[in-house]
Amino acid sequence: MASLPGTTDRRIDALLTLLAENSTIVISGAKIAKEIGVTRQQVWRWIEQLRQLGVRVKGHPRTGYHIERVPDILVPQMLSHRLYGTFARRILHFFKVDSTNSVAMRLGELGEPHGAVVLAEEQTAGRGRAGRSWTSEKSAGIYCSILLRPPIPPAHAPLLTLVAGLAARDAAAEDLDALPDIRWPNDLLVDGRKFCGILTEMHAEPDRIHYAVIGLGINVNQSKMPADLTGIATSLRMETGKAHSRLELLIRLLQYFDRYYNQFLADGALPVLRRFAQVSSYYEGKRVRITTATESFTGTTAGLEPSGVLRVARDDGRGIEAVLSGDVAEVS
Ligand code: BTN
């Protein structure tokens, strides 16, 4: 397994788990220090760091510490005992990192096995599609990248993106009052505003994918959006008026992803395409503007190709266009 600098110290993870599992009692600094194998001063420093991330730890070195409620921090120990299947075996957590996708791509290069999950509380250079950036406010959203070594040709990679979009859609639906929509290939929308984006990157040869990284950014507890995204983007909290557990949402996301991904490998594209048709208003009959690297045109969506590519009947009479990648916007 590859190791990377900057990942969260496993002992902070242990400290948090210890506090969370004993939330009703005060534990002395000395006891915590002994349990996790560090000095009392180090315990104090880490507790200060956790407080800065919004973890409500009460007490001080003399009286001992206790936690007011189970913290919503995505450290591996809090996740792994709730997960089973492929994506529980190796979870890397960062308090701050440039981009979880960049880390996961590096892991892929270093030979890390299929299924590793990279998480961050904050990204300083979160990346979106088409060279855009992804605003990654500290501990407000989920910033997650999954490393895959899928036994499929690169031409079928759009299906991986659909799999991820379906998993995120089903996971988030449980937190929302309105049904989320999927704008092909994988923007999740609620009432027309985007709350989740997915960036798929890969290293491949013409007939074989060496590794692929699926990066998911979900706006969970942001209370407002940056000015340039007002009206375009939203968060679960802005939609429902209440805070949501990132931990619970992430657990559901990884479980749904495991299920959809394995179904895709076992049964092929058909169940994925059928599910997409059920839950996306963009599947068929939607008036859209498509903007690709080379052109922009309007048309009406006409289903998906077996490889997951979007079919659009062009308004200019040039027939059905298979859109491999590009921006899709609804037009009235
Ligand atoms: C989009 O443009 O809609 C895709 C956004 C993808 C953002 C996520 S956040 C976690 C992962 N790391 C990144 O740098 N990007 C993806």
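Residues numbered from 1 in each chain as written. Predicted model: local features only at pLDDT ≥ 70, side-chain atom pairs only at ≥ 80, totals over all residues. Heavy atoms only, no water.

## Some words on the overall build of the protein chain
Now for step 1: Of regular secondary structure, the protein chain possesses 9 helices and 14 strands.
Now for step 2: Computed over the C-alpha atoms, the radius of gyration of the protein chain is 21 Å, within 12% of the 20 Å expected from 2.2 N^0.38 for a compact globule of 332 residues.
Now for step 3: Over its C-alpha atoms, taken along the principal directions, the protein chain stretches across nearly 75 × 40 × 30 Å.
Now for step 4: With 332 residues in all, the protein chain has 55% of them scored as buried.
Now for step 5: Taking as baseline every contact in the protein chain between residues at least 6 positions apart, the subset at least 24 positions apart corresponds to 63%.
Now for step 6: Each charge sign in the protein chain was given a centre, from 40 positive and 36 negative side chains, and these centres are 6 Å apart. (Helix = DSSP H or I, 4+ residues; strand = E, 2+ residues; numbered from the N terminus. Rg over C-alpha atoms; globule rule 2.2 N^0.38 Å. Buried < 20%, exposed > 50% of the residue type's maximum accessible area, 1.4 Å probe, protein only. Contact = heavy atoms within 4.5 Å. Lys, Arg positive; Asp, Glu negative; His and termini not counted. Charge placed at Lys NZ, Arg CZ, Asp CG, Glu CD.)

## Concerning unusual backbone geometry
Now for step 1: In the segment running from Trp184 into Pro185, the intervening peptide bond is cis, with an omega of 0 degrees.
Now for step 2: Relative to the helices and strands, Pro185 is located in the loop between β6 (181-183) and β7 (187-190).
Now for step 3: Unlike most non-glycine residues, Ala130 shows phi in positive territory, near 55 degrees.
Now for step 4: Counting through the fold element by element, Ala130 comes out in the loop between β4 (117-123) and β5 (141-148).
Now for step 5: Using a relative accessible area of 67% as the deciding quantity, one classes Ala130 as exposed.
Now for step 6: Phi is positive for Asp191, close to 50 degrees, though the residue is something other than glycine.

## What to know about the pairing of strand β2 (residues 64-67)
Now for step 1: As paired strands, strand β1 (residues 57-60) and β2 are joined by 4 bridges and run antiparallel to one another. Counterpart to His60 in the pairing with β2 is Gly64.
Now for step 2: Linking β1 back to β2 in an antiparallel pair, the connection comprises 3 residues. (Pairing = 2+ DSSP bridges.)

## Observations concerning the site of the ligand
Now for step 1: Around the ligand sit 20 residues, and of these Ser99, Gln123, Arg127, Arg129 and Lys194 come closest.
Now for step 2: A distance of 2.7 Å separates an oxygen atom of the ligand from a polar atom in the backbone of Arg129.
Now for step 3: Out of a free accessible area of 420 Å², the ligand has 98% covered by protein chains.
Now for step 4: For the shell around the ligand, the secondary-structure elements that each account for two or more residues are α5 (100-109), β5, β8 (193-205) and β9 (208-219). (Near = heavy atom within 4 Å. Polar contact = N/O pair within 3.5 Å; in protein donor to acceptor, adjacent residues only side chain to side chain. Areas by Shrake-Rupley, 256 points an atom, 1.4 Å probe, with all protein chains shown as cover.)

## With respect to helix α2 (residues 29-36)
Now for step 1: Of the residues making up α2, those classed as buried are Gly29, Ile32, Ala33 and Ile36. Looking straight down α2, one finds that the buried residues subtend no more than 100 degrees of arc, so they occupy a single side.
Now for step 2: In the core, the buried residues of α2 are packed alongside α1 (10-21), α3 (40-52) and β2. (Arc of directions from axis to C-beta.)

## Some remarks on the side chain of Asn219
Now for step 1: Its location among the elements puts Asn219 in strand β9.
Now for step 2: Looking at Asn219, the relative accessible area reads 6%, which means it is buried.
Now for step 3: At 3.5 Å, the side chain of Asn219 forms a polar contact with the side chain of Gln222.

## Digging into the sheet that holds β7
The pairing of strands in a sheet happens through backbone hydrogen bonds and is either parallel or antiparallel.
Now for step 1: Read across the sheet, 7 strands follow the order β3-β4-β5-β9-β8-β7-β6 without closing on themselves; strand pairing throughout is mixed. With one partner strand each, in any of the chains shown, β3 (91-97) and β6 form the two edges of the open sheet. Each adjacent strand pair in this sheet contributes to an overall mean axis angle of 20 degrees, direction not counted.
Now for step 2: Looking at chain direction, β3 and β4 are connected through 6 bridges and run parallel. Paired with His93 across the two strands is Leu119, which belongs to β4. (Axes fitted to C-alpha atoms, helices over the stretch in contact; angles between N-to-C directions.)

## Quick look at the pairing of β3
Now for step 1: Counting buried positions along β3 yields 6 of 7 residues, so the element is predominantly enclosed.
Now for step 2: In this fold, β3 hands off to α5, which returns the chain to β4; that crossover is right-handed. (Right-handed = clockwise from strand over helix to strand, strands pointing away.)

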